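Spelled out, the chains give:
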Amino acid sequence: MTDEKLLELALDARKNAYVPYSGYAVGAALLAEDGRVFTGCNVENAAYGNTLCAERTALVKAVSEGCRRFIKIAIASAGSAPYPCGACRQSLYEFAPELEVLVTWDGNVARAPLGELLPHGFGPSSLGK
Ligand code: ZN
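With a phi angle near 50°, Asp106 is a residue other than glycine that sits in the positive phi range. Inspection of the secondary structure puts Asp106 in the loop between strand S4 (100–105) and strand S5 (108–113). Since its relative accessible area comes to 54%, Asp106 is described here as exposed.

Structure below.
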């Protein structure tokens with residue numbers, strides 16, 4: 001799976017974003033160690049707190065399908081670099097502290113290791129697991 005293909009899948013997933021309130025559509029494509037890719041989009045809700053980000057949508061889809069090991073995630077939006085929010089960084093860290101994060105917006109691409117986005121992250125090892 002090339003980075004270009006993963007970014008393309010994130011851009012495709014973005015088309016399904018349900019964002020009537022913010023208008024900020026995001027798509028994500030999460031690459032598992034076994035080669036499977038799980039996509040997600042953000043899903044907003046009139047009760048704002050129920051809104052789910054694209055990254056966690058993809059992650060929950062993967063884990064619910066029995067997949068727990070990940071290599072890379074691509075995240076697509078527009079207007080600014082769509083690095084994951086704090087909640088998504090934490091959720092991704094649970095399963096993949098070494099995850100590589102690719103972001104794309106308006107034709108730009110940037111990348112960062114999750115460990116750089118969430119330094120000194122709290123994960124299973126923090127609880128001795
Ligand atoms: Zn998020």
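Anyway, onward from the coordinates.
Surrounding the zinc ion are the protein donor atoms Cys53 (SG), Cys85 (SG) and Cys88 (SG), at 2.2 to 2.4 Å. The motif formed by the donor residues of the zinc ion, counted along the single chain, is C-x31-C-x2-C.

A separate point is the packing of helix H2 (residues 54–64) against helix H3 (residues 86–95). Where H2 contacts H3, the axes come no closer than 9 Å and their chain directions differ by 25°. In terms of their interaxial angle, H2 and H3 are classed as roughly parallel. The interaxial crossing formed by H2 with H3 has left-handed handedness. Residue-level contacts link Glu55, Arg56, Leu59 and Val63 of H2 to Ala87, Cys88, Ser91, Leu92 and Phe95 of H3.

Rules and cut-offs
- Residues numbered from 1 in each chain as written.
- Predicted model: local features only at pLDDT ≥ 70, side-chain atom pairs only at ≥ 80, totals over all residues.
- Heavy atoms only, no water.
- Helix = DSSP H or I, 4+ residues; strand = E, 2+ residues; numbered from the N terminus.
- Buried < 20%, exposed > 50% of the residue type's maximum accessible area, 1.4 Å probe, protein only.
- Donors = N, O, S within 2.8 Å, 3.2 Å for Na, K, Ca; no water.
- Axes fitted to C-alpha atoms, helices over the stretch in contact; angles between N-to-C directions.
- Parallel < 35°, antiparallel > 145°, perpendicular 65-115°, else oblique.
- Left-handed = near helix turned anticlockwise from the far one by under 90°.
- Contact = heavy atoms within 4.5 Å.

Just distances and angles here, no functional claims.
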